[in-house]
Structure formats: C-alpha cells, structure tokens
Amino acid sequence: MTNPDKFKKIIAHAKEYGFVFQSSEIYDGLSAVYDYGQNGSELKNNIKKYWLDSMVMLHENIVGIDSAIFMHPTVWKASGHVGAFNDPLIDNKDSKKRYRADVLIEEHIEKINEKIEKEIEKAQMRFGNQFDEKQFRTTNQRVIERQSKIDEILNRFKKATELSDLNEIKQIIIDNEITCPVSGSKNWTDVRQFNLMFDTKLGSVSEDADLIYLRPETAQGIFVNYLNVQKTGRMKLPFGIAQIGKAFRNEIVARQFIFRMREFEQMEMQFFIRPGEEDKWFDYWKKNRMKWHEVLGMGDENYRFHDHQNLAHYAKAATDIEFNFPFGFKELEGIHSRTDFDLSQHQEHSGKKLQYFDPETNESYVPFVIETSIGVDRMFLSILSHAYQEEIIPNNDGNTESRVVLKIPEALAPIKAAILPLVKKDGLPELARTIMNELKYDFNCSYEDKDSIGKRYRRHDAIGTPYCITVDHQSLQDNTVTLRDRDTMVQKRVEISKLAEIINQKTNLKSLFKQIN
Ligand code: GAP
C-alpha cells in the first residue's frame, strides 16, 4: 500500500527537525543532492557504525578500508562502467522533459498491473471468503488479457535490452501509446544511451589533464586493494573487505527524496571465496543481511527478497532486499554473486596478477566474490519512514491531543536521553547539569530548560529521543528522577545512580549484534 501523503509529511518533518535539508537551499537547491542536519548526521553516523561494526567486529575475517574517491581511469574501463554503465534516455519534444525509457515502460506495466489488482479487489469483495485468487487470475478474461499484455511488453523489453536495440525500445513506447506525463503527447525523440558517471579533470593545465571519474560505486576501491589487504593482513580465504564511502551517479530520474540521489553513500562488503563455494556464501550473506535488518524491529513483513531475473553479464546470482517504503516495496540493498569478473578484469587491464595461492589445495586462482551493497541514505529513509507516527494521546485536561513521534530503533536514535530540569530555579538546573556531566561520556545527551515540560517532551518525541529524564523537587530530596519512555510515554521514578545502566540496556548496539549471530 503506497502512502504519498505520509511521504510528504515525512519529508517536511525531516526538514523541520534538522534531519535532511535540500543542498544549497538558499540558492533554491540542487536537484537530487541533500545535506544532513544536526539530527540527521547523528542518525547517519549511527547507521554506519551499526553496519561497519557488524561486519568487522562480528566477523574475524572481515576488515575495513577507506579508499579514495578518485581512481585511475582504467579502473572504470576494466569494471565495465565506461562501456556499459548507461541508462536509455528519451526526450519528449513538446514538454522538453527527459525520461529513462525503461522507467516509462515499467510505469506503463505498473498501470496495467494496478488494473489487474483492482479487478481482484472487486472480485474479492463480491465473493468474500470463497474467493480463490489463483483461479480468478487464470479464468477471468480481462485479467488474462492484461497479464498477457504485460508478459508481451516484458519479453520485448528484455530482448531489446539484451541486444542493446535502442530503436526497439522506442518502438515499444510507440506501440503501447505511452504518453509524456507532462505534455500528454507521444512526440518522442530517439532513445540514446547516457553514461551515469560524472567526470572531471585531474591536473592543473586543462589541455593536458587526464579525464577521471567520480566513483559510481565504492566496490572498485575494494577490488583494486584486494592484494594489498590480502598480503599485508595475511588474510586467508574466505575473507571480506568492507568500506563506507560516497558514490556519485548522474541519475536521470532523480526523485523520491533521498531514495535516488546524485551524490550518496554506500556501505559495501566484498567477500572473497574459493570458486565453487559461491552458492553456499551467497546463501549465508542473504540470511545474515536480512537478519541485520530484522533485529532493528521494524517489522519482518516490511522486508522481502526480490531475485533478479535479468542478471548482469558478470553475475551468477543477484537478489535485492526490498523495504516497504511509503511509495511501495523498493530496493534497499543488493546481494550479488559476482564470480571472478572484477578481479579478472583488473588483472587483465593492469597486467598484475591478482591470484590467491591456496595452501590447502596447492593451487593458485582468482577468487570469486559475494558482494553486499546498501545505500546509507536508503537505509536512513527506511528508518525515517517506519519511525514516523502520528498518535492521538490523552492530555492533562482529560481531553486528547496529537503527537508526532519518531520511533527510531533506540540504538540508532540521534540523542539517547534528554535531561530536563522541571523549573529553572531551586537548584534543579544544578542537579540536572551534574546528571548530564555524568551521562555525556557514554551517551549523546541533550540538556533543555526552556518551555513547559510538555513542550519539551513533544520536541524530543519528534526527533526520536528514547528517554526524557526530568529533575524535580523530589530529586533534591531522594536522588531520584522521572524517566519517561518515548514509545509508551510511561514515567517511572528511578534512582539517579541507575540511569546509565537503564539507558545503556535499551540503546546499546551489543544487544542487536547478539541477535544477529
Ligand atoms: N556495487 C554494487 C552496486 O553499486 P547497486 O545496486 O547499483 O549496486 C547498491 O547499488 C545500493 O546502493 C542500492 O541497493 C541502493 O541502496 C544504493 N544506491 C544506488 N544508487 C543510489 C542512488 N542514486 N541514490 C541513493 N542510493 C543509491
């Protein structure tokens, strides 16, 4: 179920509460580029820590690196990105708008699919419990016709893509009378390929300078360092190299907020293995990565695998972990069985041997690779989408009021505890400061003494702070405070000396890690 209104509210909330800003906003922004604010950058850092520690600390045989964004231009020839990292582009001559031809076709298919779903919904209402969807799909004439239309388009599109037949891709758009969403016309240009890599010049004199690229994925920085890490770390197969870093793609259709950006961040891990063991490890990483998501408690039903039918030329298998975003299930992470393609290509283009001598089999070979690849920004969006909730709650006058709360998994919350003196006098701020000074070494805390306590609670609900600690007059007498839970809003009196332990129990990453393995 898609929810455009909720999505709009999430975007507005992200801005209002310092999570995500449009880049260069005072100059009217830069399309598909975003900045993370004071709370957003904390959440992002926590996501990265959760990912990197789960790779490096939980696996003895995985190490992290941090490679440069600029790389030798031949890297991108070897990886296939210069030749094949393209999207098919088409322009509408009337609106002058540019589209990805494959997206236009996919959206057309989606519309036909929606009609099928509506037929099914109607029939379901009519027949109630006796409704058999499978039978309906295979017997209802309208559904059969629509489904065969979808199959026909998909088949034509698959063949055209395999043959890089751009004329045929245009013909599919014409034959299906696909119109421009802006002008409504069918006045299309030819389809042409558009490379997604940004380029720039290295060197001070532009005529002599070499053309280099901003990396479109962090993975190649891992491949070209495979031998360095293997030798200096004396790594034995299987072993992994993990890296977090910026990637850049000149996306034609950049929309849905931080879902598809032109500058984004990836968390990628290449797991080097013995050839022949790829199915076993592909399966292992599928399970491990799904578990990493599930233990965050955002609902197992919000994730699903989507196996790729059209595999890239180097891939033996590929699957996406999709998340139920407000605009439907979409790719959050990719898990790819990449064979020895990348290392072999770099071996060929660089002339350097990238082989592994296996002491167990006495053989040298180029290792195979299983890759896990997830966008930090997409992970951020999945958390924000799930966390955002509007609730009607009872207030002090016996009436109700609404609150917006971000139920961010506690371990990832930007601020773990807010320390709030009830009033700004009578020694309460001094005691609150003492508590803050004790907790700040372990947790990101916030001290706030402005506005009524109710307003302060709301502000912290809105940024997802798991605990509010209120210091009141009783605190001066018995060294206790009230501890308010973000999700249940229940307030308990607890001893000041127990605070660190209670907050730690709920917000540490360790308890998540223990559930993963
Ligand atoms: N090394 C493999 C690779 O880059 P990919 O499927 O192109 O594979 C991996 O990208 C992940 O990176 C995606 O699952 C997504 O989370 C993220 N990603 C890709 N393009 C993105 C974009 N334009 N904006 C934000 N995240 C993106």
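For the structure itself, look to the data block above.
Reference entry: report on the structure contained in this document. None of these values were measured; they are calculated from a predicted model. The residue numbers shown here count from 1 along each chain, following its written sequence. pLDDT decides what is reported in this predicted model: residues at 70 or higher carry local features, side-chain atom pairs at 80 or more are listed and counted, and totals for whole chains, interfaces and linings draw on all residues regardless. Here the side-chain values reflect all heavy atoms present in the structure, with hydrogen atoms and water set aside.

Further remarks concern the packing of helix H5 (residues 101–127) against helix H7 (residues 141–162). To get an axis, fit a line to the C-alpha atoms, keeping to the stretch in contact for a helix; angles then go from 0 to 180 degrees between the N-to-C directions. A run of H or I in DSSP becomes a helix once it reaches four residues, and a run of E becomes a strand once it reaches two; helices and strands are each numbered from the N terminus. Running from N to C, H5 and H7 cross one another at 165°; their axes reach a closest spacing of 9 Å. Classified by the interaxial angle, the pair formed by H5 and H7 is roughly antiparallel. In this structure, the crossing between H5 and H7 has a hand that is left-handed. Only Arg142, Val143, Arg146, Gln147, Lys149, Ile150, Ile153, Leu154 and Phe157 of H7 make contact with H5, whose side of the interface consists of Asp102, Ile105, His108, Ile109, Ile112, Asn113, Lys115, Ile116 and Glu119. Each residue gets one label: Ala, Val, Leu, Ile, Met, Phe, Trp, Tyr, Cys and Pro are nonpolar, Asp, Glu, Lys and Arg are charged, and the others, such as Gly, are polar. For the contact of H5 with H7, a count of residues per class yields nine nonpolar, three polar and six charged. Oblique is the label for every angle not falling under 35 degrees (roughly parallel), over 145 degrees (roughly antiparallel), or within 65 to 115 degrees (roughly perpendicular). By definition, any crossing whose near helix is turned counterclockwise from its far helix by less than a right angle is left-handed, and any crossing with a clockwise turn is right-handed. Here, residues are in contact when the closest pair of their heavy atoms is within 4.5 Å.

In the neighbourhood of the ligand, 21 residues make up the surrounding shell, with Glu217, Glu251, Met261, Glu268 and Glu331 lying closest. In the environment of the ligand, an oxygen atom lies 2.9 Å from a nitrogen or oxygen atom belonging to the backbone of Leu332. Here Gly375 contributes a backbone N or O atom positioned 2.9 Å from an oxygen atom of the ligand. Surface accessibility in these figures is a Shrake-Rupley result with a 1.4 Å probe; residues are shielded only by whichever protein chains are displayed. When the ligand is considered free in solution it has 560 Å² of accessible area, and contact with the protein chains removes 91% of it. Of all the secondary-structure elements, those providing two or more residues to the shell around the ligand are strand E10 (263–273), strand E13 (328–337) and strand E16 (368–375). With five residues, the single largest contributor to the shell around the ligand is E13. If even one non-hydrogen atom of a residue comes within 4 Å of a molecule or strand, that residue is called near it. Counted as a polar contact is a pair of N or O atoms within 3.5 Å, where, for protein atoms, one must be capable of donating a hydrogen and the other of accepting one, and residues adjacent in sequence contribute only when both atoms are in side chains.

Reported here for the second largest pocket is a volume of approximately 360 Å³. Lining the second largest pocket we find 14 residues, and of these Pro394, Asn396, Glu401, Tyr457 and Arg458 sit closest to its centre. Those elements giving two or more residues to the lining of the second largest pocket turn out to be strand E17 (388–394) and helix H15 (453–463). With five residues, H15 is the largest single contributor of residues to the lining of the second largest pocket. Looking at the lining of the second largest pocket, its residues break down into five nonpolar, four polar and five charged. The distinction between a cavity and a pocket rests on a 1 Å grid over the protein atoms alone: a 1.4 Å probe fits inside a cavity but cannot get out, while a pocket stays open yet meets protein on both sides within 12 Å along at least five of seven lines, and a residue with an atom within 4 Å of a point counts as lining. Grid points are joined across faces, edges and corners, and a volume is the space filled by probe spheres set on the points.

Our next topic: the pattern of salt bridges. One speaks of a salt bridge when a side-chain nitrogen belonging to Lys or Arg is within 4 Å of a carboxyl oxygen belonging to Asp or Glu. On inspection of all chains with the given rule, the structure shows 43 salt bridges. Across the salt bridge formed by Arg493 and Asp472, the nearest N and O atoms sit 2.8 Å from each other. Of the two residues, Arg493 sits in strand E23 (residues 491–495) while Asp472 sits in the loop between strand E21 (467–471) and helix H16 (473–478), which places them 21 residues apart along the sequence. Note on exposure labels: buried denotes an accessible area under 20% of the residue type's maximum, exposed denotes more than 50%, and partly exposed covers the range between, all computed with a 1.4 Å probe on protein chains only. The buried category is assigned to Asp472, whose relative accessible area is 13%. One network of salt bridges, in which partners are shared, links Glu391, Glu401, Arg403, Lys407, Arg458, Asp461 and Arg484.

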